Amino acid sequence: MKRVLLLINTGTPDRADRQAVGRYLREFLNDKRVIQMPRLLRLMLVNLIIIPFRVKKSTALYRRLWTADGSPLLVYLNRLVDLVARRSSHFQQVYGAMRYGNPSIKSVLSDIQSTMPDELVVMPLFPQYASATTGSVAEEVMRVISRWPVIPTVRFVQHFYQHEAFISLFASRIDSYQPHTFDHVVFSYHGLPLKHLHDQHPSHDPKQCPCSEAMPAHGRYCYRAACYETTRQLIARLALDPVRTTTSFQSRLTRNWLSPFSDEVIADLARQGKRRILVVAPSFVADCLETIIEIEHDYKALFLENGGEDLVMVQSLNDSPDWADAIIEIAD
C-alpha cells in the first residue's frame, strides 16, 4: 500500500515586500474560518480597512524576520520534509505545503494526485486544534480532493498536544534551558478571538470554563482547554512549581481575544521584580514571526523596559531530527 504524508503549516509571503505581503494577507484574512462574519462584510473589512492600514507594518515585520535563505517558516518546513522522508519507512513520499501562500495546498495536492496514493495522511503542524488553523486546512484539502476522479483514503491528524512524542520532545527542549534557574516560566500560545470558542461550544462560556484547572469533557477540540492541558503536561514532566509559571496568549488584535495577554503578563512580571524569565511557545512547532520577532525581540524589549534583566525564549522544534522522528510516530 502506498502511503503519502502531507505536512502543512500556516504560510508566509513569497518575499518581504509590500506586494507579496499584501497578497499573503488577502488570502489569509479572507478565509471565512479566520474572520468569522458574513462574506460581503468580511470582504469590505479586510480589503478596504484592515489590509490598507496593516500592510506597511506587516511588511516591516517580515523584513526584520527575513534571512538570507528566506522565510524561516518555509525554510524549516522544507528541511523537515526532507528529514522525515529520509527517516521514515512508513511513508513512501512526504510533501510540505502552506495553507496560505506557497507552496499552496492545491499545487502540492496536484503533485500527490499524479502519484496515485492509496492513503494520504494530512498533518497540520498545529498541536492544538482550532477551526481557524486545523479546521481551515482540512476544509481546503477536502475542497481540492473532492474534485479528483479517484479519492484515496484520507486521514487527518487533528491535534497532538497530548501525544507522548510531542510532550516528551518539547519538555526535553525546555529542560535544556534549565527552567528551574529562572524566576518565572511563561507558556505563551497564539491568541484566538473569544467568538471562535463561543461558536465551537456555545453552551460553555470560555471566561467561566474551568479548563485552566483540568481538562473538561467538552475540551478535546477546544483550543483554550488544549493549551492549558499542554502546559499542565509540560509542568508535570519538568517538575516545575506551577506557582512560578503562567499560561498566556499572544498576537491579539482586540481585547476580545483569549487572555491573559502575554505582553501584559511579561510587563507585570518585570514590575513584580522578576529578573529572569523563560518564555515557551508550545503552539508553534517552528520558529516564525510570532516567536522570533514578537517574543524574542519585542517581548524581551518590553521586559527590559519594565525593569527585568533577561528574557530567554525556548527555540521551537524546527527541523530537528528528533522532531522528524516524532512526526513519523504521531502521523503513523
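My aim in this report is to walk through the structure given alongside it, one point at a time. Residues take numbers from 1 onward in each chain, read along the sequence in its written order. This being a predicted model, a pLDDT of at least 70 is required before a residue's local features are given, and a value of 80 or more before pairs of side-chain atoms are given or counted; all residues contribute to the totals for chains, interfaces and linings. Each side-chain value is worked out from all heavy atoms of the structure, with water and hydrogens disregarded.

Quick look at the packing of aromatic side chains
The description of an aromatic ring pair uses the distance of the two centres, along with the angle that the planes make with each other. Counted only if it meets this: A pair of aromatic rings is counted whenever rings of Phe, Tyr or Trp (Trp by its six-membered ring) have centres within 6.5 Å, and the orientation is called stacked for planes under 30 degrees apart, edge-to-face for over 60 and tilted otherwise. Working definition: helices are DSSP H or I runs of at least four residues, strands are E runs of at least two. Numbering for both runs from the N terminus. Type-normalised accessible area, obtained with a 1.4 Å probe on protein chains alone, sets the label of each residue: buried when under 20%, exposed when over 50%, and partly exposed for intermediate values.
Counted according to the given criterion, the structure contains 10 aromatic pairs. When the centroid spacing of 5.0 Å and the interplanar angle of 55° are considered together, the rings of F28 and Y100 count as tilted. Placement of the pair is F28 in helix α1 (residues 18–29) and Y100 in strand β2 (residues 93–101), with a sequence separation of 72 residues. We classify F28 as partly exposed; its relative accessible area is 22%. Taken together, a centroid distance of 6.2 Å and an interplanar angle of 40° make the contact between Y189 and F249 tilted. Separated by 60 residues along the polypeptide, Y189 in strand β5 (residues 184–190) and F249 in strand β6 (residues 245–250) bring together distant segments of the chain. A relative accessible area of 0% places Y189 in the buried class.

Let's talk about unusual backbone geometry
Following N102, the chain continues into P103 via a peptide bond in cis, with omega recorded as -5°. Relative to the helices and strands, P103 is located in the loop between β2 and α4 (105–113). A positive phi angle, close to 55°, is found at A239, a residue other than glycine. Its place among the elements puts A239 in the loop between α8 (223–238) and β6. With a phi angle near 65°, S251 is a residue other than glycine that sits in the positive phi range. Within the secondary structure, S251 sits in the loop between β6 and α9 (262–271).

Points about the pattern of salt bridges
Keep this limit in mind: We define a salt bridge as a side-chain nitrogen of Lys or Arg found within 4 Å of a carboxyl oxygen belonging to Asp or Glu.
By the definition in use, this model includes 22 salt bridges. Notably, a salt bridge pairs R252 with E264, separated by 3.9 Å at the nearest N-O pair. You can see R252 sitting in the loop between β6 and α9 and its partner E264 sitting in helix α9, a full 12 residues away along the chain. In this structure R252 comes out as partly exposed when scored by relative accessible area, which is 28%. As a salt-bridge pair, E264 and R255 come within 2.9 Å of each other at their nearest N and O atoms. Here E264 falls in the partly exposed class, since its relative accessible area comes to 32%.

Here's the deal with the packing of helix α2 (residues 39–65) against helix α10 (residues 289–305)
Just so we agree on the cut-off: The angle between two axes is taken between their N-to-C directions and runs from 0 to 180 degrees, where each axis is a line fitted to C-alpha atoms and a helix contributes only its stretch in contact. By definition in this entry, angles of less than 35 degrees are roughly parallel, angles greater than 145 are roughly antiparallel, angles of 65 to 115 are roughly perpendicular, and the rest are oblique. By definition in these notes, contact holds between two residues if any of their heavy atoms fall within 4.5 Å. For this classification, the nonpolar set comprises Ala, Val, Leu, Ile, Met, Phe, Trp, Tyr, Cys and Pro, the charged set comprises Asp, Glu, Lys and Arg, and every other residue, Gly included, is treated as polar.
As a packed pair, α2 and α10 sit with axes 10 Å apart at the nearest point and diverge in direction by 85°. Between α2 and α10, the interaxial angle falls into the category roughly perpendicular. Counted together, L61, Y62, R64 and L65 of α2 and L289, I292, I293, H297 and D298 of α10 form the full contact between these two elements. Residues that form the contact of α2 with α10 fall into these classes: 6 nonpolar, 1 polar and 2 charged.

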